[in-house]
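Architecture and fold: a report
Next come the chains, spelled out residue by residue.
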Amino acid sequence: MVRPVIGIIGNPHLINSEYLVHGAGEMNSRAVREICNALPVIVPPDALLAPIEELMEACDGFVFTGGRPNVHPKEYGEDLTEDHGDMDEKRDGLALPLIRALVTRGQPYLAICRGFQEMNVAMGGSLHPEIRDLPGRDNHRMPPDGTLEEKFALRHDVCFTPGGVFARMLGAEVVRTNTLHGQGIKEPGPRVVIDGHAPDGTPEAIYIKDSKGFGVGVQWHPEYSAAQDPVSRPLFSAFGAAVYEWRAARSGPA
Ligand SMILES: N[C@@H](CCC(=O)NCCCC(=O)O)C(=O)O
């Protein structure tokens with residue numbers, strides 16, 4: 001059986017402070033393989049190496065992964081400050097136009113954490129550089145120390161719009177998630193629908209109004225222990241079903 005291909009947008013990492021590699025968390029590939037039943041392919045986060053037109057033909061769907069560097073504020077019309085932390089303009093240069101093209105085409109994608117923020121910016125929204133500094137907001141950052149299990153521990157609820165896209169897809173109006181981010185949505189893009197919030201009001205789940213295809217973004221990390229998590233499994237399953245439908249519509253049943 002020829003499985004659909006899901007492109008997993010990677011991140012740059014320096015090995016020994018000198019050797020640049022492009023990679024993505026194994027947990028993303030595992031969720032794509034085990035739940036979506038698709039072939040995971042890690043995509044270099046550089047549009048010069050992986051032009052989006054070629055990517056959209058080579059892959060049936062995409063996962064926009066998390067990443068420590070932030071989206072450059074110039075992408076939403078703001079000046080860079082120290083608060084914005086590290087940047088990755090090459091990834092911005094691939095992810096933002098790719099998301100816009102996927103929305104236009106109706107090709108499936110799942111946006112996670114930085115990917116969620118890229119989705120909002122790509123569609124005309126803005127970000128706040130440090131949401132824990134906002135009145136009434138909690139600290140959503142990854143614990144600086146501890147085990148991976150502690151860093152990805154479930155730490156807050158997400159409340160979905162009753163009867164909305166996420167509530168129907170995940171079969172619940174309130175779910176429990178992890179949280180590993182410092183930035184967050186400030187203003188949603190004109191077509192960005194915020195369908196889920198944390199108790200402190202932080203946007204946690206979005207989709208694009210009047211989209212032709214499957215495309216959702218989550219601020220948390222559903223890829224962690226996805227096969228065992230009651231929220232992650234239906235999320236990746238719905239994404240996988242959309243990718244299979246895309247593949248079947250393009251070239252017959254996979
Ligand atoms: N940089 C953004 C997005 C956060 C994110 O994607 N976190 C996952 C990586 C966690 C880590 O390696 O620190 C933000 O901080 O909001």
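Residues numbered from 1 in each chain as written. Predicted model: local features only at pLDDT ≥ 70, side-chain atom pairs only at ≥ 80, totals over all residues. Heavy atoms only, no water.

**Considerations on the layout of surface pockets**
Its volume calculated, the largest pocket comes out at about 810 Å³. Residue lining of the largest pocket: 29 residues in total, with Gly 66, Gly 67, Arg 68, Leu 180 and His 221 positioned closest to the centre. Of all elements in the fold, only strand 2 (11–15), helix 1 (26–34) and helix 4 (114–122) reach the threshold of two or more residues within the lining of the largest pocket. Take the lining of the largest pocket: its biggest share by element is three residues, from strand 2. Of the residues in the lining of the largest pocket, the class split is nine nonpolar, 15 polar and five charged. (1 Å grid on protein atoms, 1.4 Å probe; cavity = no way out; pocket = protein on both sides within 12 Å on 5 of 7 lines; lining within 4 Å. Points joined across faces, edges and corners; volume = space filled by probe spheres on them. Helix = DSSP H or I, 4+ residues; strand = E, 2+ residues; numbered from the N terminus. Nonpolar A, V, L, I, M, F, W, Y, C, P; charged D, E, K, R; others polar.)

**What about the nonpolar core?**
Counting residues in hydrophobic clusters, the biggest one holds 31 residues, and the most contacted among them are Phe 62, Phe 64, Leu 94, Leu 98 and Tyr 109. Elements with a contribution of two residues or more to this core: strand 1 (5–9), helix 2 (52–58), strand 5 (61–64), helix 3 (89–105), strand 6 (109–112), helix 4 and strand 12 (203–208). Considering every element that reaches this core, the biggest residue donor is helix 3, with seven residues. Every residue in contact with Leu 98, bar those within four places of it in the chain, is listed here: Ile 9, Ile 52, Leu 55, Met 56, Phe 62 and Phe 64. (Core = buried A, V, L, I, M, F, W, Y, C linked by side-chain atoms within 4.5 Å. Buried < 20%, exposed > 50% of the residue type's maximum accessible area, 1.4 Å probe, protein only. Contact = heavy atoms within 4.5 Å.)

**So, unusual backbone geometry**
Here Asn 16, not a glycine, exhibits a phi torsion of approximately 55°, which is positive. Residue classification places Asn 16 among the exposed residues on the basis of a relative accessible area of 64%.

**Digging into helix 1**
Residues lying three or four places apart along an α-helix face the same way, a consequence of the helix completing one turn every 3.6 residues. Along helix 1, the residues classified as buried are Met 27, Asn 28, Ser 29, Ala 31 and Val 32. The inward-facing, buried residues of helix 1 contact strand 1, strand 4 (39–43), strand 5, strand 6, helix 5 (148–151) and helix 7 (232–251).

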